[in-house]
Amino acid sequence: MPDLANLQTQILEHIAKAHDEAALEAVRVAALGKKGSISALLSGLGTMAPDARKERGAAVNALKEIVADALAARRAILKDAALAARLKEETVDLTLPVRSHGIEAGRIHPVSQVMDELAVIFADMGFAIAEGPDIESDDYNFTKLNFPPDHPARDMHDTFFFNPGPDGTRKVLRTHTSPVQVRTMLTQKPPIRVIIPGRTYRCDSDQTHTPMFHQVEGLVIDRSAHLGHLKWILEEFCKAFFEVQDVKMRFRPSYFPFTEPSMEVDIQCARKGGEVRFGEGEDWLEILGCGMVHPNVLRNCGLDPDVYQGFAWGLGIDRIAMLKYGMPDLRAFFEADVRWLNHYGFRPLDMPSLIGGLSG
């Protein structure tokens with residue numbers, strides 16, 4: 001029979017030397033497992049005389065309790081040490097900024113923001129929003145807007161043409177949002193008051209032009225609409241959009257196939273330090289084109305020009321966004337650079353309003 005005192009000393013030494021819980025578990029199994037040293041002593045008691053078995057059994061059970069207590073105490077020490085080491089490795093630097101939520105980190109693209117601003121301004125004047133397809137027929141994009149076949153005015157638009165269809169006609173990517181004016185006049189009866197924001201396409205690319213860009217056009221058709229109404233609408237729009245108390249505008253004669261008379265509009269501004277400021281200064285900047293809807297366009301859309309008349313205007317959304325928010329290059333609008341968007345973008349909940357301010 002092994003000496004219990006020596007066995008106890010050996011087991012307790014192994015427990016004390018266990019450096020982690022896995023090593024301690026190995027000591028436990030070696031001592032108290034089914035084939036462990038203490039378990040073997042207990043299983044051998046059956047061959048002994050009753051008196052000797054009683055005395056030996058009590059001693060072995062005492063040893064078993066001592067070992068179990070030592071194992072529990074060592075396990076607690078090892079758990080505390082493991083927790084301390086983990087806390088040391090996983091320390092949190094409270095000086096770092098808290099990671100923001102998606103709704104705080106996300107940004108609204110300036111083009112989307114300006115479209116919302118336009119909708120707010122013109123809705124206050126009683127305008128609805130009209131929309132149409134990006135792919136248009138030559139008839140809606142040109143012919144019904146008083147662009148006769150082979151007319152030189154078609155060369156003003158660098159058009160993306162699709163391959164001819166079975167009937168020989170060619171679809172186009174719309175070069176302006178004016179086809180939606182046609183669709184509106186064909187489907188609605190006057191009075192008509194709509195604005196038409198949307199994407200347009202032309203074969204052009206430089207610092208101030210991109211193959212895809214955004215326009216907004218306005219259309220008013222009524223029995224008595226005239227240039228005085230047009231001038232008031234544009235003045236109120238410019239004051240609201242550029243957030244100034246007063247603007248001075250000048251209307252210069254121009255040419256557009258779909259309006260007669262046609263005009264280009266300049267707004268008074270001051271150029272200081274690379275910035276353009278409206279409502280002050282002695283300089284002028286062209287911002288849009290406009291005019292009275294051409295009688296031929298009214299006829300093409302089923303309206304009698306002797307009964308109805310109207311006016312329309314159009315301007316580039318990307319360009320007025322550049323003017324208002326100081327963006328130097330139009331191409332950056334479409335490069336998907338998150339750094340640019342973080343700088344120029346708008347917070348999702350900063351919804352524009354005429355009361356709270358368009359730009360927040």
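Keep in mind that what you see is a predicted model, and the values were worked out from it rather than measured.

Rules and cut-offs
- Residues numbered from 1 in each chain as written.
- Predicted model: local features only at pLDDT ≥ 70, side-chain atom pairs only at ≥ 80, totals over all residues.
- Heavy atoms only, no water.
- Phe/Tyr/Trp six-rings, centres within 6.5 Å; stacked < 30°, edge-to-face > 60°.
- Buried < 20%, exposed > 50% of the residue type's maximum accessible area, 1.4 Å probe, protein only.
- Lys NZ or Arg CZ within 6 Å of the ring centre and 35° of its normal.
- Helix = DSSP H or I, 4+ residues; strand = E, 2+ residues; numbered from the N terminus.
- Contact = heavy atoms within 4.5 Å.
- Core = buried A, V, L, I, M, F, W, Y, C linked by side-chain atoms within 4.5 Å.
- Salt bridge = Lys/Arg side-chain N within 4 Å of Asp/Glu carboxyl O.
- Disulfide = S-S within 2.5 Å.
- Expected span 1.5 Å × (residues − 1).
- Axes fitted to C-alpha atoms, helices over the stretch in contact; angles between N-to-C directions.
- Parallel < 35°, antiparallel > 145°, perpendicular 65-115°, else oblique.
- Nonpolar A, V, L, I, M, F, W, Y, C, P; charged D, E, K, R; others polar.
- Arc of directions from axis to C-beta.
- Lys, Arg positive; Asp, Glu negative; His and termini not counted.
- Polar contact = N/O pair within 3.5 Å; in protein donor to acceptor, adjacent residues only side chain to side chain.

Undergrad: When you look at the packing of aromatic side chains in this model, what are you seeing that I'm missing?
TA: We describe a pair of aromatic rings using the distance from one ring centre to the other and the angle between the two ring planes. With the rule as written, the count across this model stands at 14 aromatic pairs. Their ring planes at 40 degrees and their centres at 6.3 Å tell us that phenylalanine 333 and phenylalanine 334 sit as a pair that is tilted. Residue classification places phenylalanine 333 among the buried positions, given a relative accessible area of 5%. The class for phenylalanine 334 is partly exposed, based on a relative accessible area of 32%. By the ring-pair criterion, three or more aromatic residues cluster together here, those being Phe122, Phe127, Phe237, Phe241, Phe242, Phe311 and Trp313. The side chain of lysine 324 reaches across the aromatic face of phenylalanine 241, ending 4.5 Å from its centre.

Undergrad: Help me understand unusual backbone geometry, please; the structure alone is not making it clear to me.
TA: Only a minority of non-glycine residues have a phi that is not negative, and only a minority of peptide bonds are not trans. The linkage connecting proline 190 with the following residue, proline 191, adopts the cis geometry, with an omega of 5 degrees. Position of proline 191 relative to the elements: it lies in the loop between α8 (178–187) and β4 (192–201). A cis amide bond links glutamate 260 to the next residue, proline 261, at an omega of 0 degrees. As for its position among the elements, proline 261 is in strand β7 (residues 259–272). Despite not being glycine, asparagine 146 shows a phi value in the positive range, around 75 degrees.

Undergrad: How should I be thinking about the side chain of glutamine 181 in this particular structure?
TA: Residue placement: glutamine 181 occurs in helix α8. Taking the relative accessible area as the measure of exposure, glutamine 181 reaches 7% and is therefore buried. Apart from residues lying up to four places away in sequence, glutamine 181 is in contact with Ile196, Glu217, Gly218, Leu219 and Ala312.

Undergrad: Can you walk me through the nonpolar core in this structure?
TA: What tends to happen in soluble globular proteins is that the nonpolar side chains get buried as a cluster. Phe237 and Trp313 are the most contacted members of the largest nonpolar core, which totals 45 residues. Among the elements of the structure, α6 (110–124), β5 (212–222), α9 (227–241), β7, β9 (283–293), β10 (309–316), α11 (317–325) and α12 (338–344) are those that each provide at least two residues to this core. Residues Leu145, Leu219, Phe256 and Leu303 belong to the second largest nonpolar core, which totals 21 residues.

Undergrad: Got a minute to help me understand the pattern of salt bridges in this structure?
TA: Opposite charge on two side chains allows them to pair when their charged atoms are near. Counting across every chain of the model gives 15 salt bridges. With its nearest N and O atoms 3.5 Å apart, the salt bridge here joins aspartate 134 to arginine 174. Here arginine 174 lies in the loop between β3 (171–173) and α8 and aspartate 134 lies in the loop between β1 (128–129) and β2 (135–137), a separation of 40 residues in the sequence. Here the two residues aspartate 134 and arginine 174 agree in accessibility, since each one is buried.

Undergrad: Would you mind going over the state of the cysteines with me for this structure?
TA: Should the sulfur atoms of two cysteines be covalently bonded, the bond is a disulfide. By the definition in use, this model includes 0 disulfides. No disulfide involves cysteine 238; its sulfur sits 10 Å from that of cysteine 290, the nearest cysteine. Take cysteine 238: its relative accessible area is 0%, and that puts it in the buried class.

Undergrad: Explain helix α4 (residues 50–89) to me, please; I cannot follow it from the model alone.
TA: Because an α-helix completes one turn every 3.6 residues, residues spaced three or four positions apart along the sequence face the same direction. Across its 40 residues, α4 extends 57 Å between first and last C-alpha, which sits within 8% of the 58 Å expected from 1.5 Å per residue. Of the residues making up α4, those classed as buried are Arg56, Gly57, Val60, Leu63, Val67, Ala70, Leu71, Arg74 and Leu78.

Undergrad: Explain the packing of helix α2 (residues 21–32) against α4 to me, please; I cannot follow it from the model alone.
TA: Helices that pack against each other are described as a pair by the angle of their axes relative to one another and the distance between those axes. Where α2 meets α4, the axes come as close as 10 Å, and the angle between the chain directions of the two elements is 170 degrees. Regarding the angle of α2 to α4, the classification is roughly antiparallel. Seen from α2, the contacting residues are Glu21, Leu24, Glu25, Val27, Arg28, Ala31 and Leu32; seen from α4, they are Lys64, Val67, Leu71, Arg74, Arg75, Leu78 and Lys79. Of the residues belonging to the contact of α2 with α4, the class tally is 7 nonpolar, no polar and 7 charged.

Undergrad: Is there a simple way to explain α2 in this structure?
TA: When the terminal C-alpha atoms of α2 are compared, their 16 Å separation across 12 residues agrees well with the 16 Å that a helix rising 1.5 Å per residue should span. Inspection of α2 places Leu24, Val27 and Ala31 among the buried residues, and these make up the whole buried set. Take α2 and look down its axis: the buried residues cluster within an arc of 55 degrees, on one side only. Residues of α2 that are buried in the fold lie against α1 (4–17), α3 (37–43) and α4.

Undergrad: Before we go on, may I ask you to explain the environment of histidine 343 in this structure?
TA: Note on placement: histidine 343 falls in helix α12. Residues histidine 343 and arginine 107, 236 residues apart in the sequence, show an inter-C-alpha distance of 9.2 Å.

Undergrad: Could you clarify how one ought to interpret the side chain of glutamate 217 in this entry?
TA: Position of glutamate 217 relative to the elements: it lies in strand β5. Of the buried charged residues, glutamate 217 lacks a salt bridge, with arginine 202 as the closest side chain of opposite charge at 6.8 Å. In terms of polar contacts, glutamate 217 uses its side chain to reach the side chain of threonine 177, at 3.2 Å. Here serine 178 takes part through its side chain, which lies 2.8 Å from a polar atom of the side chain of glutamate 217. The residues contacting glutamate 217, other than those within four sequence positions of it, are His176, Thr177, Ser178, Gln181, Val194, Ile195, Ile196, Trp313 and Gly314.

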